[in-house]
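Chains, contacts and geometry: an overview
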Amino acid sequence: MNTRAPAVEARQLIKTYPGDVTALSGMDITVEPGTVFGLLGPNGAGKSTTVKILTTLARPDSGTATVAGHDVLRHPDRVRRAIGVVAQSSGADPVATGRENLRLQGRLHGLKGAGLSRRVAELLDRFKLADAAGRQVKGYSGGMRRRLDVALGLVHRPEVLFLDEPTTGLDPEARTAMWDEIARLAGDEGLTILLTTHYLEEADRLAERIAIVDRGRVVVEGTPDGLKGELRGDAIHLELREAVGQAGRTLLKGSLGGVPGVHEVLFDDAQGRRVSVRADDGAAAMPALLGALERAGVGVAAATVARPSLDDVYLRHAGRRYSEAEAEGADSLALAGATGGTR
Ligand SMILES: Nc1ncnc2c1ncn2[C@@H]1O[C@H](COP(=O)(O)OP(=O)(O)O)[C@@H](O)[C@H]1O
Ligand SMILES: [Mg+2]
C-alpha cells in the first residue's frame, strides 16, 4: 500500500434506514496513516453507522469509502484483513475464557501453532489479562471485558483499528485505564486508530484530529487545540432566572453585544434561559454584562467564565449545546424504538 494514501477516506456517505431515518447525510472523513482520529458526536449523530460502513458491515445508499487503500464495496475481503474492529457492544463469548476467545479469534484469522500461542500470550500480557486468562469472560469487570475486546481486535495485527465508543459504560477508573491503553496503542508503529465517542473530554485527550459529527455529517474538523483556538477570547455562560421571549432576546442580544470586548451573543437553548457570550476578556466584560441584564430587568441565576472548550466549538458549529443534542439524540433513539444504540 502506498503509505502516503489516507488510511481511511469516506466521501459523501449517505445512509437512510427504514422509516425514513437519515443516519448519514453526506459524511466526509479523511484519516492520515499512523494517527488517532476521533469522530465526536452526540447519540444518534451517525458514528456507529459510519463505522459499520467503513468496516464492511453495512452498505451506504450512496458515496464511496476506502480503508487501507481498499474500496469497502468492491473489496470488502481485503478491507477486513487490514482492519480490527471493536464494536460498541462486546463481541466476546461470555462463557469462554479470555484465552479461548483470543485463540478462536486468532484461528479465524489463520494463525496457528506456536505463532498463535505466542500472539495470545503477548496480548494477554499487554492488556493485563494474563491472571484472568483462564476465567470465563462473564465474570470479568467492565474494564477487563473492554480490554479483551480491544485485544481481540488486534490479534491479526491490523493496519487500521476501529474503536466504537471504547469507554461508554465504564466507570471513571476503568475509563482512565482504557485511555492509557489507547494512547499506548497509538504509539505503535504505523497503527491508525479511528475512534468514536460522545465524550468531549475523551476526544480532546486521545485524538490528534477530531471531526465533530452532527445529524449525519461532519460540521467541523481539526486538531483539538486548533478548533478551540479558532474561538477568540473567553466563553461566558449566563443562566437567566426566567425564560426570555423572542422579542426580549433580540433586545438582549443588542445590549449585551454592545458591551466593549464582546463579539458574540448566542441564546443556546430553546427555552431562552441560557446565553453564551464570547469576549476578549471574560472577567473584564462580566460587570458590564450583568449591569446590562439588570437594566433590562432580567435576573441572573448563574454566570461563569471559561477558556473555550470543545463544548463551545460544538455550540458554534452545530448551533446548540452538546448536552441538548445528547438529550435530543436519546429521545429520538427511544422514539425509534432502537435498541443497542447506547449502552
Ligand atoms: N438498524 C437501524 N434501524 C433504524 N434506524 C437506525 C438503525 N441504526 C441506527 N439508526 C438510526 O440512525 C441514526 C444514527 O445512529 P447511529 O449511527 O447508531 O448513531 P451514533 O452511533 O452516533 O449514536 C439514529 O437516528 C439511529 O436511531
Ligand atoms: Mg453508536
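Residues numbered from 1 in each chain as written. Chains lettered and ligands numbered in written order. Predicted model: local features only at pLDDT ≥ 70, side-chain atom pairs only at ≥ 80, totals over all residues.

The protein chain appears in an unreviewed UniProt entry as ABC-type xenobiotic transporter from Streptomyces avermitilis. If you open the UniProt record of the protein chain and go to Subcellular location (unreviewed entry), you find "Cell membrane". Listed under Sequence similarities (unreviewed entry) in UniProt, the entry text for the protein chain is "Belongs to the ABC transporter superfamily. Drug exporter-1 (DrugE1) (TC 3.A.1.105) family." (UniProt positions renumbered as here; feature names shortened; annotations may be inferred.)

Attention now moves to the sheet that holds strand 9 (residues 209-214). Read from one edge to the other, the open sheet built from six strands follows the order 6-7-8-3-9-10, with strand pairing classed as mixed. With one partner strand each, in any of the chains shown, strand 6 (83-86) and strand 10 (217-222) form the two edges of the open sheet. Across the sheet, the mean angle from the axis of one strand to that of its neighbour is 15°, orientation sign disregarded. (Pairing = 2+ DSSP bridges. Helix = DSSP H or I, 4+ residues; strand = E, 2+ residues; numbered from the N terminus. Axes fitted to C-alpha atoms, helices over the stretch in contact; angles between N-to-C directions.)

What follows covers the packing of helix 3 (residues 98-108) against helix 4 (residues 113-126). Relative to each other, helix 3 and helix 4 sit at 130°, their axes nearing to 10 Å. With respect to helix 4, the axis of helix 3 lies oblique. Two packed elements cross with a definite hand, and for helix 3 against helix 4 that hand is right-handed. Of the residues in helix 4, those touching helix 3 at G98, R99, L102, R103, G106 and R107 are L116, R119, V120, L123 and L124. For the contact of helix 3 with helix 4, the residue count by class is five nonpolar, two polar and four charged. (Parallel < 35°, antiparallel > 145°, perpendicular 65-115°, else oblique. Left-handed = near helix turned anticlockwise from the far one by under 90°. Contact = placed C-beta atoms within 7 Å. Nonpolar A, V, L, I, M, F, W, Y, C, P; charged D, E, K, R; others polar.)

The next subject is unusual backbone geometry. One non-glycine residue with positive phi stands out, namely K128, at about 55°. Assignment of secondary structure puts K128 in the loop between helix 4 and helix 5 (142-154). The phi dihedral of E165 is positive, around 50°, even though this residue is not glycine.

So, about the domain arrangement of the protein chain. Domain boundaries assigned for the protein chain yield domain 1 (8-228) and domain 2 (232-307). Placing a centre on the C-alpha atoms of domain 1 and another on those of domain 2 gives a separation of 41 Å. (Domains from an automatic or database assignment.)

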